[in-house]
Amino acid sequence: MSIYWQKEMETMNRSDLARYQAEKLRETVRQATKSSFYGAALKQRGLAAEDIRSLADIDKLPMTTKEDLRQHFPYGFLSVPRDAVIRLHCSSGTTGNPTVIFHNRHDLDSWANLVARSLFSAGARPGDVFQNICGYGLFTGGLGFQYGAECLGALTIPAGAGNSRRQIQLMKNFGTTVIHAIPSYLARLHEAFREMGADIARDTKLRLLVIGAEPHTEGQRRRIQDLFGVKAFNSYGLSEMNGPGVAFECECQNGLHLWEDAFIAEIVDPETLEPVPEGVVGELVMTTLDRQAMPIIRYRTRDLTRFLPGDCPCGRSHRRIDRITGRTDDMFIIKGCNVFPMQIEKILMAFPEIGSDYLIVLETVNGVNEMRIKVEVSPNWFTGEMEPLENLRRRIQEEVRDEILLTPEVRLVEPGALPKPEGKAVRVQDLRTREGE
Ligand code: AMP
Ligand code: ZN
């Protein structure tokens, strides 16, 4: 049995786990106080590490926002001397100062361990050939999975993003068994297989996919599984909490175990910041428990999810979260209706006639804000005939209207017509002018 089935920790009973977390929380607060940001914030509240006696005392601690990280850029959260830091990563945000996260040796080892444990829980094993198809660099998916998969004992191919033909060549040459990629890329990879006349089952040894880093629906996951003929496991993480290895689906594929020995997770109402009842969707708030260079306390992730009730048949006791249904900041309001992009994706993915790519465009036409959904038709279905296209268009429009109570313009486009960014998919393009607000 691999050392990445960490049975004692992964199946620890809940009361022991709570005690363990309280101890680690106290240590984390002690460490965080060494940073200028938390040093001042805790002093202002008259709080010290010793005030954390049980897990419930986390309530006393202030929450941390992305804005805090930005304002104290770059070193305001650093809790060790600058020369003890050996790596930094940034989050993929595009406006203002980036958020930067620092790691020392201990942090990187602890992160790699979590990723290795996560991969193991999804069924990857030492000896697997792991092809990491995502950007290497400041984005955490590259190096995060690289070190995690090495730690597990897989032969790790740092393939990087894009260049589908080369990816397929690598898969064939080295007998890739496990792939990690962002879900929006996989439809493209599959298309490249088709173009090359290659067949996944016949020409590769692929047996497992890991998908994450961007929101996707259960329908999108099913499509990916059908295309590749293997199971796809959801991987959730964010750079503020290392990156991948925060929460991961085990072989049961029924929600993502969140590693509670390394993080405390709370789910709160984003307006009141009060905890929501178990099973209700709210904003995920997270605290690191095993980070030295840059501990973060009660970080408001803006990601919306819920704790799933009940035990998992795999025996792991760490609670499971549901797939992320959206972010508090990706909801848009149009004509008075609140819309999350995943509500639209959910409807689109139920139509076998359409492909995996779509784009929601918000624009102002004659002073009025309108919503247009551009959808790629599936290459298997596209014939160029007008009547079936018009029927499909109308059905999509009606179903979206029933869901969001607003009639969008739906435009069907040819397979491959929408822009394909190299990193995370862009699902909403907001071109509205002030005039039309
Ligand atoms: P970054 O720190 O730039 O890598 O971005 C992290 C963000 O990506 C998270 O806060 C989520 O919004 C999103 N994300 C990461 N993994 C997933 C996932 N499995 N499902 C949905 N969203 C995800
Ligand atoms: Zn499980």
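Look up: the structure comes first, before these words.
Computed from a prediction, not measured in an experiment: that's the story for all the values here.

What counts, and at which threshold
- Residues numbered from 1 in each chain as written.
- Chains lettered and ligands numbered in written order.
- Predicted model: local features only at pLDDT ≥ 70, side-chain atom pairs only at ≥ 80, totals over all residues.
- Heavy atoms only, no water.
- Helix = DSSP H or I, 4+ residues; strand = E, 2+ residues; numbered from the N terminus.
- Rg over C-alpha atoms; globule rule 2.2 N^0.38 Å.
- Buried < 20%, exposed > 50% of the residue type's maximum accessible area, 1.4 Å probe, protein only.
- Contact = heavy atoms within 4.5 Å.
- Areas by Shrake-Rupley, 256 points an atom, 1.4 Å probe, with all protein chains shown as cover.
- Lys, Arg positive; Asp, Glu negative; His and termini not counted.
- Charge placed at Lys NZ, Arg CZ, Asp CG, Glu CD.
- Near = heavy atom within 4 Å.
- Polar contact = N/O pair within 3.5 Å; in protein donor to acceptor, adjacent residues only side chain to side chain.
- Core = buried A, V, L, I, M, F, W, Y, C linked by side-chain atoms within 4.5 Å.
- Axes fitted to C-alpha atoms, helices over the stretch in contact; angles between N-to-C directions.
- Parallel < 35°, antiparallel > 145°, perpendicular 65-115°, else oblique.
- Pairing = 2+ DSSP bridges.
- Salt bridge = Lys/Arg side-chain N within 4 Å of Asp/Glu carboxyl O.

Draft legend 1. Up close: the overall build of the protein chain. If you tally the helices and strands in the protein chain, you get 12 helices and 21 strands. By the compact-globule yardstick of 22 Å for 437 residues, the protein chain fits well, its C-alpha radius of gyration being 22 Å. Here the protein chain, with 437 residues, has 55% of them falling under the buried criterion. Pairs at least 24 apart in sequence give 66% of the contacts found in the protein chain among residues at least 6 apart. By element, 50% of the accessible surface of the protein chain is carried by carbon and sulfur atoms, the whole surface being about 19100 Å². Of note, the protein chain has its 54 positive side-chain charges centred 3 Å away from the centre of its 59 negative side-chain charges.

Draft legend 2. How the structure looks around the site of ligand 1. Lining the immediate surroundings of ligand 1 are 18 residues, of which Ser92, Asn234, Ser235, Ser239 and Asp303 lie closest. Backbone polar atom of Glu214 to a nitrogen atom of ligand 1: 3.4 Å apart, as the coordinates give it. Ser239 has a polar side-chain atom sitting 2.5 Å from an oxygen atom of ligand 1. When isolated, ligand 1 has an accessible area of 500 Å², and the protein chains bury 92% of it.

Draft legend 3. The arrangement of the side chain of Glu266 in detail. Secondary-structure assignment places Glu266 in strand S10 (residues 263-268). In terms of polar contacts, Glu266 uses its side chain to reach the side chain of Arg298, at 2.8 Å. Contact partners of Glu266, with chain neighbours within four places excluded, come to Ile58, Glu283, Leu284, Val285 and Arg298.

Draft legend 4. Up close: the nonpolar core. Leu61, Tyr236 and Leu258 are the most contacted members of the largest nonpolar core, which totals 46 residues. Residue assignment for this core shows that the elements contributing at least two residues are helix H2 (14-32), helix H3 (36-44), strand S2 (100-103), strand S7 (231-238), strand S8 (243-249), strand S9 (256-258), S10 and strand S11 (282-288). If you look at the next biggest cluster of nonpolar residues, it comprises 26 residues, including Phe332, Cys337, Leu392 and Leu406.

Draft legend 5. Representation of the packing of helix H7 (residues 164-174) against helix H8 (residues 183-195) within the structure. Direction vectors running N to C along H7 and H8 enclose 75 degrees, while the axes themselves pass 9 Å from each other. Looking at the two axes, H7 sits roughly perpendicular to H8. Every residue of H8 that contacts H7 at Ser164, Arg165, Gln167, Ile168 and Met171 is listed here: Tyr185, Arg188, Leu189, Ala192, Phe193 and Glu195.

Draft legend 6. The arrangement of the sheet that holds strand S20 (residues 409-413) in detail. In spatial order, the strands read S20-S19-S18-S21; together these four strands make up an open sheet with mixed pairing. The strands lining the two open edges of the sheet, one partner per strand, are S20 and strand S21 (428-430). Neighbouring strand axes in the sheet, compared pairwise and without regard to direction, differ in orientation by 20 degrees on average. In the sheet, strand S18 (residues 354-365) pairs with strand S19 (residues 368-377) via nine bridges, with the strands oriented antiparallel.

Draft legend 7. Looking closely at the pattern of salt bridges. Per the stated rule, a full pass over the model turns up 41 salt bridges. For Lys24, the salt bridge goes to Asp290, with nearest N and O atoms at 3.2 Å. Within this pair, whereas Lys24 is found in helix H2, its partner Asp290 is found in the loop between S11 and strand S12 (299-305), the two being separated by 266 residues in sequence. Overall, Lys24 belongs to the buried group, its relative accessible area being 11%. Across the salt bridge formed by Arg432 and Asp430, the nearest N and O atoms sit 2.8 Å from each other. Overall, Arg432 belongs to the partly exposed group, its relative accessible area being 23%. Given a relative accessible area of 44%, Asp430 falls into the partly exposed group. Through salt bridges that share partners, Glu218, Arg221, Arg222, Glu249 and Arg323 make up one connected network.

Draft legend 8. Representation of the sheet that holds S12. With antiparallel pairing, the four strands of this open sheet are ordered in space as S10-S11-S12-S15. Looking at strand neighbours, the two that pair on one side only are S10 and strand S15 (326-327), the edges of this open sheet. Bridge count for S10 against S11 is six bridges, and the pairing is antiparallel. If you follow Val268 over to S11, its bridge partner there is Glu283.

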